[in-house]
Structures are given as structure tokens and as C-alpha cells.
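Tertiary structure, described
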Amino acid sequence: MPDQLPAILRKAGEVVLMVWVITLPSFLIVALAPGDAALSMLRVDTVALSQSEIQAYREQMGLTDPLPVRYWHYLTGLLHGDLGTSVMTGQPVAAEIAQTLPATLLLAGSALALTFVLVILLGTVSAAFRGGWPDRAVSMFNYVAASMPTFWLGLLLIQWFAVDLDLLPASGWHQGLGLVLPTVSLAAAIAPPFIKIYRQSYGETVNKEFVRSARSRGVPFGIIRSRHVLRGSLIPVVTMMGGQPGQSAVGIGGGRGHLRSSRDGQAGRRGRHPPRLRRRPGVRAGDRSGCSGHQPARRPLLPRHQPRGAPEGRCPGMRTLLSRTRSARSARRTGSGSARPLLIAAGILLAVVLAGPWLAPHDPYLVDLGQSLRPISANHLLGTDQLGRDVLSRVLTGGRTTVGIALVALAASVLVGVPLGLYSGYLGRGTDWVTMRVSDAFMSFPEYVVAIVLTGLMGPGFLNLVLAVVVVKWVGYTRLVRSIVIQEKTQDYFMVSAVSGSSRTRTITRHLISHVVGPVLSLATLDVGKIVLLVASLSFLGLGVPQPSPEWGAMLSEGRAYFTRTTILMLAPGMAIFLVVILTSLAGDRLSARYSLDQTGESHA
């Protein structure tokens, strides 16, 4: 017990720090929010109240106490289950949560159940026909589903199935039918990354020794799959779902996965033996006369290790092994397809979007009420909106706003996260511990919730949107770069550089940055589409750039009121978002094939 006391105290200190880091921002957001909480909670005509009465109410509610005292009362209230009083309704927050919690849990549970069904069905089909057309079809479904804004998909489903076909209710309970459309919308957004994780896990489980042993004994593969393979393949899926509650699984690569260079894995593979070859029919178990069972690490099987006169087919020849090695290396480089065409296409699309205002055929701000809600014509290729403004011109102009904010926020996130990750991994000890605990606190909050709260407090605007995105995105780059630096610190060249007396800045700039650029570029390419979705979502909620500046998310919000009269107001900006997100996701996925993408978020040192 005395030996374990330091570890216990350290863990207790980490818990206290995490509680402080999580609760302090929550308290400050409410305490420093603009407006007068007392006037909002009184909910009466303040003209009839004197200033002394309002001040007395502030003192009664503790709003005049110093911030440290109010924070202490906030912590003690949390420990006793008192979440305070709602400013909007004047009712206890705990009572309001208890009132809405059943419906929330029902919707979340139905969405997760449908997600599990999609993961098992599509993931099994994709893994069983790996490389075939079913695998490619499931992969395309993943890209399409993850690239569609969830709110846009929900509105389309309501229009098609509730308004046009009148098959399902748009809202309400209706004996459970009201859950169908929101459940499908949520499951389509959640499922894609987990399908990819399940596919990879399924392939690894099928190739394990116990599965091969069961098949060699004549057990039908259907029984093996239902009893062992499916359950074993779902373990990483359940782990990811439980380990990242509330995180939106947007993008194909997984929410906060870590990338690592293929050459970084050499340190982790030292001393390991290559995997055993699958035993062929007609060869006795344990008969290893045809090939060597203990090859040195990272050394191919050479002909001299094969005895003369060994039967053909016992062990692959050198030409076959070299062919497999070249194929594996080519697959890692290209990711089943070259990244260059997709990168060029994504670059051209982003250039066209950024140059949109110069390509617009009309003034996107010109209001002509006499031309409102006009259909598609030669003069207006996408029609006009409710104010008579040309939709095509507004889509082209709004693209520069949405994508411009995303690119600026992405660059700022990289500039903040990369240096922190470099110095955290390089210095280690206290610096690394504090950085990781702070990043853990940021990761404990859902990205969209943090972004909504920050933009709601700061107000709409370009810089406020950029700041909100940076706050939720810098963590991924810090943890990625830190994991790479920790891996590189074990290499011989790094130790030689440290012994030779190289300065800290010289070691980082000359040795570490070159290993960081590739993974960071891959993650940044994947993040372009995610940030575009985040910016469009905030604008859809009215937290983006102020009117009348066109922006894709704001155009979706305006067009939903007229969606039943003209669908182009919703389809045009939604398709623009979809094209940018899916193309950048495809390019990022191909680019990340040069590196290892850890879906579990764990660093492989």
C-alpha cells in the first residue's frame, strides 16, 4: 500500500484537475454571458419594478457575489444534484431535463440500434467481398452518407416521405412512426465511420488462429461467423461508441483518429516475427520442412532458407514474396487509387468556389420582389429566392464565405495545434501532462455544442466563427503531432542529435517537422469537409455571418420555409456543401493511405 500511495495521489490529482477544467468553463460561460440574468428570471414588466427591488432579487439569487464564491456555490450545488434554475422558464433545470430525457433517450436508442444493424449488415458484406463491387458500393455509401449535412438530409426526408408521398409523419409520436425519419437521419450520419472500423476488424478476426483452426476441423463458417467473428468484430465498434459519447462521427476517417507515418511503425515492429503462412491442404500441421519459421525481423524469406528438393507449394518462392511486398507497398502508397487526381479535382473545386463572386452572372444582393420564387429559366439558371435574388449567384458567392471560413479556421487550428504537439512530445514530463489533460478536457465536450455555445456568446461574425472552430479543432493536431514526436524520440538519429548538443529549436526544425508534415497534411485534408459542415451547421442555426451576406448554411435555413413551393432553394446550397465535402473526403482518404490511420485513436509507439 505505501508503494501505491504516490500513484493513488497522482490519479486523485488528475481527477480534481479534470473536474476543475470541465466545470470552470461551464460556469464562466453562464456567468459572463451577455444580458442581465435577474431581469430574464423575473419575467415581468421591469418598468413596474424599482431598481431596489431588482437589486434585492440579484442579492437573493447570489448574482452580486464575487465569481469565486459563485463558483463554489455552483460546485456544491452540482454535488447535491442542484443544477440551478432556467433563465428562460424559471423552472429547475433538473426538472426540465427529466421531462425531456425519455424522448431523447428513445430517439438516441433507436438511432444506435439502426446504426448497429447497418454496421453489421454493410460491414459484413464489405468485408466478405473485399475488393469487389459490393465492397465498393458500401464504401461509396459511406462517403455519400458522411458528406451530407444531417439537417439537410432530415429536411429532404420530410419533404419526400411526409409531404410528397404522405407515408410518414413529419413530427410527433403517431404510434412510433414519428421516430422513423429522425432515426434514419441520425443513423446515416453516425454509421459510416463505424462501418469502416467493423470491416477492418472483421477481416482481422477472420484471419485469427482460432478461426482457421475451427475451419480446419470442418466447422461450418456460418456457425463460426455468428458465434465468434461477429462478436469479436463488434468490440472496437462498441469501444469507439462508448469512448466518444456525443461526438459527431463525420468523415470517413473517424472523428479524432491519429495518423502515423509508415516509417514510424518500424520502431514498433522491431523484434516481431512475420505472420505465419496459412497452412495449405495436404500439409500436416506443424510440418515446417518447407520454410523457415523464425526469420529475422524485416528480412524476407531467401532461397537459401529453403532446403533443396523441398516440395513445390510448401513455401512461397522469392519471386512471389517480392511480388506481394511490392503490391503491399503500392497499396500503402496509393490506397487502392492514386491521390493525385482527387487532390487536383479538390483543388480545382476549391479554387472555383473561392472565385465564385467573379463567376456570378447577377448581383447576389439585388432584391427584385417582382421576380420572387421564379422557376429555372435561361436568365436565372437556378431560379430566384423569396426576395427575387438569383440563386446561382448567391450559391457561387456564398461558397467563398463558407469555404473561406473553413480554410482560415483550418490554418489557424494547424498553427495552434502543431507547435503545442511538438513541444509537448519533445519536452515531456510536466509540459506533456498538462497539455494532455487540457486536451482531454476539450475532448470531453461535443464539438458542435462547444461551437454553438461560443458563437452564441460572441455573436455571429467571420472572426467569431473562426475562433469557435479553432477551439474545437486544435486538439486533434496536438495529439497527432505529439504521438509522432514520441515515436521519433526513440530513433537513433534523435539520440545522436541530443548527444551532439543540438539545440531544441534545431532538433525540432531539422528533424521532427519533416516527419510531421505528411500526417498533418492528411488530417487537414480530411478536416476540410468536416469544418465546412460545422460552419454550415452554425449558419443554419443563425450563428454564422450576418445577413445579407450569402452563405450556404444560411441559405438552407432561409429556403426551408419555401421548400414545398420550390425545392431548388434547398437543393442548390445543399448539393454545393455535399460536393465540397465528398471530394475533399475522398482526396484526404487517398492521401492518408500513405500513412497509417488509427481508427481507435491510440498512439502506436
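Residues numbered from 1 in each chain as written. Predicted model: local features only at pLDDT ≥ 70, side-chain atom pairs only at ≥ 80, totals over all residues. Heavy atoms only, no water.

1. A short note on the overall build of the protein chain
Within the protein chain one finds 22 helices and two strands. Taken across its 605 residues, the protein chain has 41% of its residues classed as buried. (Helix = DSSP H or I, 4+ residues; strand = E, 2+ residues; numbered from the N terminus. Buried < 20%, exposed > 50% of the residue type's maximum accessible area, 1.4 Å probe, protein only.)

2. Topic: the packing of aromatic side chains
Counting across every chain of the model gives six aromatic pairs. Ring geometry for F27 and Y71: centres 5.4 Å apart, planes at 55°, overall tilted. You can see F27 sitting in helix α1 (residues 5-31) and its partner Y71 sitting in helix α4 (residues 67-79), a full 44 residues away along the chain. What makes Y71 buried here is its relative accessible area of 12%. Relative to Y74, the ring of Y71 has its centre 6.4 Å away and its plane inclined at 25°; by these criteria the two rings are stacked. Here the residue Y71 and the residue Y74 both occupy positions in helix α4, the gap between them amounting to three residues, near one helical turn. Directly above the ring of W358 sits R400, whose terminal nitrogen or CZ lies 5.2 Å from the centroid. (Phe/Tyr/Trp six-rings, centres within 6.5 Å; stacked < 30°, edge-to-face > 60°. Lys NZ or Arg CZ within 6 Å of the ring centre and 35° of its normal.)

3. With respect to the confidence of the model for the protein chain
Per-residue pLDDT for the protein chain has a mean of 76; in total, 79% of the residues score no lower than 70. In the model, residues 243-336 has pLDDT below 50 throughout and makes 124 contacts with residues more than four positions away in sequence or in other chains. Under a pLDDT of 50 for its full length, residues 597-605 has, in the predicted model, 25 contacts with residues more than four places off or in other chains. (pLDDT = per-residue confidence, 0-100. Contact = heavy atoms within 4.5 Å.)

4. What about the pattern of salt bridges?
Scanning all chains against the criterion turns up ten salt bridges. Ionic pairing is found between D385 and R389, a salt bridge with its closest N-O pair at 2.9 Å. Classification of D385 by relative accessible area gives buried; the value is 5%. Among the ionic pairs, R479 bridges to D440, the shortest N-O distance being 2.9 Å. Here D440 lies in helix α16 (residues 429-443) and R479 lies in helix α18 (residues 462-488), a separation of 39 residues in the sequence. Under the relative-accessibility criterion, D440 is labelled partly exposed at 22%. Three or more residues joined by partner-sharing salt bridges are found here, namely D385, R389, R394 and E558. (Salt bridge = Lys/Arg side-chain N within 4 Å of Asp/Glu carboxyl O.)

5. Remarks on the environment of T567
Relative to the helices and strands, T567 is located in the loop between α21 (552-559) and α22 (568-591). Sequence separation between T567 and Q159 is 408 residues, and the spatial gap between their C-alpha atoms is 9.1 Å.

6. Considerations on a nonpolar patch on the surface
Taken together, the side chains of L78, L83, I97, L101 and L105 make up a nonpolar region of the molecular surface, amounting to roughly 410 Å² of accessible area. Of all the elements, helix α5 (residues 93-128) adds the most residues to the nonpolar patch, at three residues. With respect to the helices and strands, the residue L101 is situated in helix α5. We classify L101 as partly exposed; its relative accessible area is 39%. (Patch = residues over 30% accessible without salt bridge, like charges linked within 9 Å, V, L, I, M, F, W, Y side chains within 5 Å. Areas by Shrake-Rupley, 256 points an atom, 1.4 Å probe, with all protein chains shown as cover.)

7. Considering the nonpolar core
Formed by 78 residues in total, the largest nonpolar core has its most connected members in W152, L422, V520, W552 and I577. With 15 residues, the single largest contributor to this core is helix α20 (residues 504-540). When residues no more than four places from it in sequence are discounted, the contact partners of W152 are L556, M570, L571, G574, M575 and F578. Core analysis: the next-biggest nonpolar cluster, separate from the first, contains 18 residues, A127, V138, I195 and A214 among them. (Core = buried A, V, L, I, M, F, W, Y, C linked by side-chain atoms within 4.5 Å.)

8. Things to note about the packing of helix α6 (residues 133-147) against α22
Two elements in contact, α6 and α22, have axes whose closest approach is 9 Å; the angle formed by their N-to-C orientations is 130°. With respect to each other, α6 and α22 are oriented oblique. The crossing of α6 and α22 is right-handed. Along the contact surface, α6 presents Y143, V144, A146 and S147, while α22 presents F578, V581, I582, S585, L586, D589 and R590. (Axes fitted to C-alpha atoms, helices over the stretch in contact; angles between N-to-C directions. Parallel < 35°, antiparallel > 145°, perpendicular 65-115°, else oblique. Left-handed = near helix turned anticlockwise from the far one by under 90°.)

9. Thoughts on the packing of helix α15 (residues 391-427) against α18
One way to put it is that α15 packs onto α18 with a least axis distance of 6 Å and a crossing angle of 35°. Like other packed secondary-structure pairs, α15 and α18 cross with a definite hand, here right-handed. Within the contact of α15 with α18, the residues separate by chemical class into 21 nonpolar, seven polar and two charged. (Nonpolar A, V, L, I, M, F, W, Y, C, P; charged D, E, K, R; others polar.)

10. Some thoughts on α18
End to end, α18 covers 38 Å across 27 residues, agreeing with the expected 39 Å (1.5 Å per residue, within 8%). The largest bend along α18 reaches roughly 35° and is located at V472. Of all 27 residues making up α18, 21 are buried, and the element is well covered by its neighbours. (Expected span 1.5 Å × (residues − 1). Bend = angle between axes of the 7 residues up to and from the residue.)

11. A short note on the side chain of D432
Relative to the assigned elements, D432 resides in helix α16. Beyond its immediate sequence surroundings of up to four residues, D432 is in contact with S424, G425 and R482.

12. Regarding α16
End to end, α16 covers 21 Å across 15 residues, agreeing with the expected 21 Å (1.5 Å per residue, within 8%). Where α16 is buried, its residues contact α1, α15 and α18.

13. Concerning unusual backbone geometry
Although it is not a glycine, D166 adopts a positive phi angle of roughly 55°. Inspection of the secondary structure puts D166 in the loop between α7 (150-164) and α8 (180-206). Of note, the phi angle at L373 is positive, near 55°, even though the residue is not glycine. Take L373: it is sitting in the loop between α14 (356-359) and α15.

14. Topic: the side chain of T384
As for its position among the elements, T384 is in the loop between α14 and α15. Owing to a relative accessible area of 0%, T384 belongs among the buried residues under this scheme. Side-chain polar atoms of T384 contact the backbone oxygen of Q371, separated by 2.5 Å. One polar contact links the side chain of T384 to the main-chain amide nitrogen of R374, over a distance of 2.7 Å. When neighbours within four sequence positions are excluded, T384 is seen to be in contact with Q371, S372, L373, R374, R389, D390, V391 and L569. (Polar contact = N/O pair within 3.5 Å; in protein donor to acceptor, adjacent residues only side chain to side chain.)

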